[in-house]
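Notes for the structure review
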Amino acid sequence: MRNNNKNNIKDIVIIALSAIAIVLLILIVVMSGKRDKEISEVLQKDSEITTDTLISSINNSTGVYLEITEAAFDKWLEIHNTGTETIDISGVKVSVNGADSGTVPEGTVILKDEYYCIGLDTNPGGNAENIISLINADGTAIKSMIVPKLLSGTSYGIYDSDTNVWGFMTPSKGMENQGDVTYISYDGISFSAPGGFYDESFELVLECKEGEIIYYTTDGTDPTTESAVYGGPIRISNKSGSGYNVAALAFGYRQGTNYFPSSVDAGMVVRAITVDKSGTVTGEATQSYFIGLTRDTDYYNIAVLSITTDPDNLFDYEEGIYVGGKSKEDALIQGIESGYGNYYNKWKKTANIEYYEPDKGKTLESSGEIMVYPDEYANQRQKSLVINLDEGYEAYEGSGMLKYLSESGYVNIFQNEEDNETKIRNYLINDLFRYSDVGITYSQPVVVFVDGEYFGLYSMQEIYDAKYLNYRYDRDTGNLIIRYDGVYNEEYDSFYNYVTTTDFSVSSNYETLKTRLDVENYAKYICINMYFGNSSFYPYKGTAWRTGSSGDEGYLDGRWRFLLPELNKTMYVTSTESTTINTYLQRGVQSDLMLQSLLMSPEFCETLENTMQELISEYITEDKWKSALDNLADLLGKPARASYTRYYGTLKEATYNSEVALIEEFLTGRAEYIMKYTSELAEKGGDLENARKILKEMEEEKKLKDMINGSISDSSGTDENEDQEDS
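Residues numbered from 1 in each chain as written. Predicted model: local features only at pLDDT ≥ 70, side-chain atom pairs only at ≥ 80, totals over all residues. Heavy atoms only, no water.

Concerning a negative patch on the surface
- Taken together, the side chains of Asp113, Glu114, Asp162 and Glu176 present a region of like negative charge at the surface.
- With respect to the element layout, Asp113 can be found in the loop between strand 6 (109-110) and strand 7 (115-119). (Patch = residues over 30% accessible without salt bridge, like charges linked within 9 Å, V, L, I, M, F, W, Y side chains within 5 Å. Areas by Shrake-Rupley, 256 points an atom, 1.4 Å probe, with all protein chains shown as cover. Salt bridge = Lys/Arg side-chain N within 4 Å of Asp/Glu carboxyl O. Lys, Arg positive; Asp, Glu negative; His and termini not counted. Charge placed at Lys NZ, Arg CZ, Asp CG, Glu CD. Helix = DSSP H or I, 4+ residues; strand = E, 2+ residues; numbered from the N terminus.)

Rendered as C-alpha cells:
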C-alpha cells in the first residue's frame, strides 16, 4: 500500500512538472512567434538579409518602430513604440520647420506598445504646411511627416492604425485617438490617409462637397469625366510583380536589347478630380501609396521621389519625352544616326512630385514639370531628369529636398552617367572634399518611382547658382557673376582672353594674375580631376564664378574661382581611368590654353605640385577613402544592384563587389603615379604651341562631324527653352 502511495505521488509530481513544462513551452512559442513574424516580414522581401543582422537591427534601431501618432495645437507631439522591444529615446529632438522645438530627457525609454508625449516650444501646426522630424542623438532624422494647419483645440494624426485613417480630431494625449475625425483635404478632395509608406493594405476613403462627383484613376493617367466614378473605398495594396506598366512602355523602344525585368516593385497612385453639377472641375489631387516597402533593403535609408504624370507625357510616340519616338525616326530616315530623339528636345511635361526622407516620411508635395536632361546619356534606358517645382514649394521648410533645389525651384536627378553599376564614384569624391574650400556639389541618393512604379536609383544633386554659393561659402556673396559649364559669358571670356595672351613666365604678370584668379583654387580644380582620372575633363568648359566687386577679403575679393564638374567617369570606370594612366595627356588638358599659359609660370608649376601633395597627404589618405568607400558600398550596394536589374540585367553581388574592388585598387596605387606625372609636368612647364595645334585639330574634327550629320527640320528639333540646358 505504501509503495502504491509513493508511486501515486511520484506520478502526480511528474504530471505536474510536465504540465508546467508544456505551459512554458507554449509561452516560448507564442513570444518567439511574434519575433519570427517580425523577422519574416523583412526576410520575405529580401532573401539576402541574414536573421542575425535583422535581430540586431530590430533591437538597436531607434526609429524603425517609432511612429509619430499625433501633433497638437497645444504644443506637444505624441510618439508610439509599435515594436516588440523597449526603445531608448534619450536625447531625441523634435524639429518643427527646420528649427529645434523640443528634446527628450536623458534616460527616457518607451516600452513596447506605449505612447510618449514630447513638449514643444511652438505649435507644430502653425503654418499651412509644417515639417515635423524626430532627430536622433547623432543628428539623423528617424521619422518625419507633414502636419497641416492646426487650430485651437485640435490635433492631427493617425485616428485608427488598423485601417490607416488619418485626420483632425480632439486631442487625446498619451492615449489611442477616439471621437470624430475629419479627413485632410487636398484642393477640396478629402483623403482618409495621406500618401506615404504603409505596412499593410487598407481601404482609402475619398470625400467631396455635396453635389459634386469624384472621378479617379490608379494608373497615373489624368482623371477625366470618362474615368471611374468614386462609389466607395478604394483598396490600396502592393502592386509589385510582373504586371508592370511603366517599364513595359519605356522599353517599347528597345535600342538593341530585348531585356525586360522579371518583376518591378510598385505602389499605387490615386489621382482624383471633383466635378460640380455644371460639369466644371472644382478640385484635383494626387497621392502615392507604397505598401510593404518601408523596410525593403532596396530602399533602406535612402530618400524616395515619387513622380506622377500621365504615361503619354513620357512614352507617346510623337510627344513623349522619355522615348526616341518620332524625332529619332525622322532623323534616321534622313541618314542622321545620332543626336536626335524626343528626349533631346527639352520638352517639359506637367507632373506631381512627392518627396520622402530616408526614414520614408513625406516632407514635400508639389505640382511642377519634368524634363529629360538632354546630355549624351539621354538615349540610354535610364535617363537623367530635371524637375522644376511650381511656386509654393518654399512652404515646406525643413524638407531635405529644399537644399538641392535651385533659386528657381528646379533640381537635377542624375543616373550617374558611366558609373551606372556601383553609383559610388561621385559620392566618394563628395565625401572626401566635403569640408575643403573647393567648390563641389553635394549629392544625395534617391530612389525614383514613376506613377507608383519603381524607376531606379538616381542622384539628386545641388545646382551651381547664387543660392549654392551663398550657402557653400556661408556668406552673402552679393553681386555674382557665374560662368556656367560650357556657356558663353562676356566677363569670363574677357578674363580668358587676358590669361591666354599673357606671358606668365614674367613674374610681374603672374602677380597681377593672382589679383584676378584664386590660383590655389584653380590648382585644386585641376589636381582633383587629374588625381581621380577624369578622362573627359576640359578645364576651359568648367563652371567659374566671382563677385562683382573687388578689393574685399575672402570670397568677396572679385577673383575667379572654379567649381568641380561631375566626377562619375573616374577611378577605373573604363581603361582610360586606370591607376597608372597619365591623365594630363588627354586632349582636353593638353589643348587647354588657360592651363598651358599658367604652366609658363614657374611659381604656378610649384603651386600645382604642392597642391597635389596636399590633397594626397590631407584629403585622400588611406584611412579616409577606405572608410568613405566602405560606408557607401554598404548604403548603395543593394539599391544600385536593384536599379541595374531594373534597366539592364541581373547584377550579382559578387560582380558589384568586384567593381568596388577596382575603385579600391585605383586609390591604393594612384598617389604614386599621379604625383610623378604632376612633378614631370611642373618641370616641363606649359606648351602653348602644342595646345593650339591640338585645339585646331579638334575644331576641324567637329566641323567634319557636323557636315556628316547635316541638319534636320524643326519638327524633330528643340524647344525654345534653351536656358534650362544651360543651367
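Okay, back to it.
Re the packing of aromatic side chains
- Taken as a whole and assessed by the stated rule, the structure comprises 42 aromatic pairs.
- Here the aromatic rings of Tyr492 and Phe495 are separated by 6.2 Å at their centres, their planes lie at 55°, and the arrangement is tilted. With Tyr492 and Phe495 both in helix 8 (residues 490-500) and 3 residues apart, this pair spans about one turn of that helix. Here the two residues Tyr492 and Phe495 agree in accessibility, since each one is buried.
- Consider the rings of Tyr492 and Phe562, whose centres lie 6.2 Å apart with planes at 75°: the pair is edge-to-face. Of this pair, Tyr492 sits in helix 8 while Phe562 sits in strand 31 (residues 561-563), and the two are 70 residues apart along the sequence.
- In this structure Phe562 comes out as buried when scored by relative accessible area, which is 0%.
- Here a set of aromatic residues connected by ring pairs shows up, and it is made of Tyr492, Phe495, Tyr496, Tyr498, Phe504, Tyr522, Tyr525, Phe537, Trp560, Phe562 and Phe604.
- Of note, Arg472 hangs over the ring of Tyr473, and the distance from its end group to the ring centre comes to 5.5 Å. (Phe/Tyr/Trp six-rings, centres within 6.5 Å; stacked < 30°, edge-to-face > 60°. Buried < 20%, exposed > 50% of the residue type's maximum accessible area, 1.4 Å probe, protein only. Lys NZ or Arg CZ within 6 Å of the ring centre and 35° of its normal.)

Some details on the confidence of the model for the protein chain
- Residues with a pLDDT of 70 or more make up 86% of the protein chain, whose mean pLDDT is 86.
- Counted against residues more than four places away or in other chains, residues 28-60, with its pLDDT under 50, gives 34 contacts.
- A low-confidence stretch, residues 711-727 (pLDDT under 50), is modelled with 33 contacts involving residues beyond four sequence positions or located in other chains. (pLDDT = per-residue confidence, 0-100. Contact = heavy atoms within 4.5 Å.)

Some words on the pairing of strand 17 (residues 213-217)
- When you tally the buried positions in strand 17, you get 4 out of 5 residues, the bulk of the element.
- The pairing of strand 17 with strand 20 (residues 268-275) spans 5 bridges and is antiparallel. When the sheet's bridge partners are listed, Ile213 is paired in strand 20 with Val275.
- By the bridge criterion, 2 bridges tie strand 17 to strand 18 (residues 228-229) in an arrangement that is antiparallel. The partner of Tyr216 across the bridge, within strand 18, is Ala228. (Pairing = 2+ DSSP bridges.)

Thoughts on the pattern of salt bridges
- Per the counting criterion, the structure on display carries 21 salt bridges.
- Residue Asp419 pairs with Arg425 through a salt bridge whose shortest N-O separation is 2.6 Å. Each member of the pair Asp419 and Arg425 is classed as buried.
- With its nearest N and O atoms 3.7 Å apart, the salt bridge here joins Lys676 to Glu680. Of this pair, Lys676 and Glu680 both sit in helix 15 (residues 653-684), 4 residues apart, roughly one helical turn.
- By relative accessible area, which is 46% here, Lys676 ends up partly exposed.

Considerations on helix 13 (residues 602-619)
- Over its 18 residues, helix 13 runs 25 Å from end to end, which matches the ideal 26 Å to within 8%, given 1.5 Å per residue.
- Turning to helix 13, its buried residues number three or more, namely Phe604, Cys605, Thr607, Leu608, Thr611, Met612, Leu615, Ile616 and Tyr619. For helix 13, the buried positions fall inside an angular range of 165° around the axis, keeping them on one side.
- In this fold, the buried residues of helix 13 make contact with helix 6 (425-432), helix 9 (507-513), helix 10 (519-531), helix 12 (593-598), helix 14 (622-647) and helix 15. (Expected span 1.5 Å × (residues − 1). Arc of directions from axis to C-beta.)

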